[in-house]
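Each chain, letter by letter, is given below.
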Amino acid sequence: MRFFFRSRQFKIILSVVIVLVVLSGAFAFMGRQMSPQTNIFGSITAPFRSAATAISGAASDFVSAYRNGEKLIVENAELDNQLNELREQLADYEKLKEDNEFYKNYLAIKDGHPDFAFCKATLISKDPEDPFQGFVINKGTLSGVKAYDPVITEAGLVGYISEAGLTTSKVTTVFSMELTVGALDNRTGDSGIVCGSIELARLGFTRFQNLSRSCSIAVGDYVITSGEGIFPEGILIGSISAIGSDPYNTSIYADITPFVNFDQIKNVMVITDFEGQGGLQP
């Protein structure tokens, strides 16, 4: 709108309006000064006075409409600001609600392991070519996260921190061949190790192996961490889906379906400290 007032067309219109207003005033003054016998002059100039009056009124209406438009623009801007503030408040509320739900799910873990220190982190990138579904989180050494810290969700074990930067870290998952976890059957206490492979990862499994042939494990049993290695004791890993015999030795193995749904991971907890962590080796 402000460019119109600077244009040549507006200047022409304004000049015409000013001339007509001046003429209208002049005609009115002359009409009052003339005698009744000069009404013929008034009749001749009447159309011009009417036109001037009409144009003057139109100009006044135009200016009034412009002012009202400016007022509406200001009001709309204020409404937009209020709407943006409400959106921000809603986003903050949703985040707070999500955080409360997230932390609530860890209360049982915290109650069972009061020595655990947690650092909440969010998945920020995932390599679609990684068969083991590793990913990067938004926390690093500046937040107390360090290499070999365990990573969990409320459902169970995710993996561990394999690389820690200042503000980001890489997570290696339970599907990986690089991860070895001392584990127990939660029902029978039979012990072994959990380690992955490419073939199993593609099927969504990892493997509970080096089990004695005399063990009493069964399909459906839960497998948990034993506390050996870099992981604390008692973290859920998954449930036994199938049992087989190792053809190269006398042990048996069990394929495990992790409790964590790796396709839906958004937030995780890094266990940055727990009792006995300093004495454990990768």
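That block above? That's the structure.
Description of the structure in this document. All figures in this text were calculated on a predicted structure; none of them were measured in a lab.

**So, the overall build of the protein chain**
Of the regular secondary structure elements, the protein chain holds 5 helices and 12 strands. Put simply, the protein chain has 282 residues, and 33% of those count as buried. For the protein chain, the accessible area works out to roughly 17000 Å², and carbon and sulfur atoms hold 57% of it.

**Quick notes on the side chain of Thr272**
Mapped onto the elements, Thr272 comes out in strand S12 (residues 267–273). A relative accessible area of 13% places Thr272 in the buried class. Beyond its immediate chain neighbours, meaning those up to four positions away, Thr272 contacts Ala117, Phe118, Cys119, Gly144, Val145, Lys146, Asp149 and Gln277.

**Digging into the sheet that holds S12**
Pairing within the closed barrel is antiparallel, and its 6 strands lie in the order S1-S2-S5-S4-S3-S12. With direction set aside, neighbouring strand axes in the sheet form an average angle of 45°. Of the pairings in the sheet, the one linking strand S3 (residues 150–153) to S12 comprises 2 bridges and is antiparallel in character. Along S12, the bridge assignment pairs Ile152 with Met269.

**A short note on the nonpolar core**
In this structure, Ile137, Ile152, Leu157, Val158, Val194, Phe208 and Val223 are the most contacted members of the largest nonpolar core, which totals 44 residues. Each residue touching Ile152, except ones within four places of it in the same chain, is listed here: Tyr106, Ile109, Phe118, Leu157, Val158, Ile235, Val268, Met269 and Ile271.

**Points about unusual backbone geometry**
A positive phi angle, close to 60°, is found at Gln133, a residue other than glycine. Topologically, Gln133 is positioned in the loop between strand S1 (117–126) and strand S2 (135–137). Looking at Gln133, the relative accessible area reads 17%, which means it is buried. The phi dihedral of Tyr148 falls on the positive side, at around 75°, and the residue is not glycine. Assignment of secondary structure puts Tyr148 in the loop between S2 and S3.

**Observations concerning the pattern of salt bridges**
For the structure on display, the rule yields 3 salt bridges. Two residues, Lys146 and Asp149, come together in a salt bridge whose shortest N-O distance is 3.2 Å. Lys146 gets classed as partly exposed once you look at its relative accessible area, which sits at 35%. Residue Asp149 is classed as buried on the basis of its relative accessible area, which comes to 0%. Note that Arg207 is salt-bridged to Asp255, the shortest N-O span being 2.8 Å. Of this pair, Arg207 sits in strand S8 (residues 206–211) while Asp255 sits in strand S11 (residues 252–258), and the two are 48 residues apart along the sequence. Judged by relative accessible area, which is 22%, Arg207 ranks as partly exposed.

**A closer look at the environment of Asp221**
Position of Asp221 relative to the elements: it lies in the loop between S8 and strand S9 (222–226). Among the residues examined, Asp221 registers a relative accessible area of 8% and is labelled buried. In sequence terms Asp221 and Gly238 are 17 residues apart; their C-alpha atoms lie 8.5 Å from each other. Each residue touching Asp221, except ones within four places of it in the same chain, is listed here: Asp185, Arg187, Thr188, Ser216, Gly238, Ser239 and Ile240.

**Some words on the sheet that holds strand S10 (residues 233–245)**
One closed barrel holds the 6 strands; their spatial order is S6-S7-S8-S11-S10-S9, and the pairing between them is antiparallel. With strand direction ignored, the average angle separating the axes of adjacent strands in the sheet is 45°. Inspection of the sheet shows S8 paired to S11 by 4 bridges, in the antiparallel sense. Following the sheet pairing, Arg207 is matched in S11 by Asp255.

**Concerning the pairing of strand S5 (residues 169–173)**
Of all 5 residues in S5, 4 are buried; the element is thus mostly enclosed. Both S2 and S5 contribute to a ladder of 3 bridges, which runs antiparallel. The partner of Phe135 across the bridge, within S5, is Val171. Hairpin connection from strand S4 (residues 156–164) to S5: 4 residues lie between these consecutive antiparallel strands.

Parameters and conventions
Residues numbered from 1 in each chain as written. Predicted model: local features only at pLDDT ≥ 70, side-chain atom pairs only at ≥ 80, totals over all residues. Heavy atoms only, no water. Helix = DSSP H or I, 4+ residues; strand = E, 2+ residues; numbered from the N terminus. Buried < 20%, exposed > 50% of the residue type's maximum accessible area, 1.4 Å probe, protein only. Areas by Shrake-Rupley, 256 points an atom, 1.4 Å probe, with all protein chains shown as cover. Contact = heavy atoms within 4.5 Å. Pairing = 2+ DSSP bridges. Axes fitted to C-alpha atoms, helices over the stretch in contact; angles between N-to-C directions. Core = buried A, V, L, I, M, F, W, Y, C linked by side-chain atoms within 4.5 Å. Salt bridge = Lys/Arg side-chain N within 4 Å of Asp/Glu carboxyl O.

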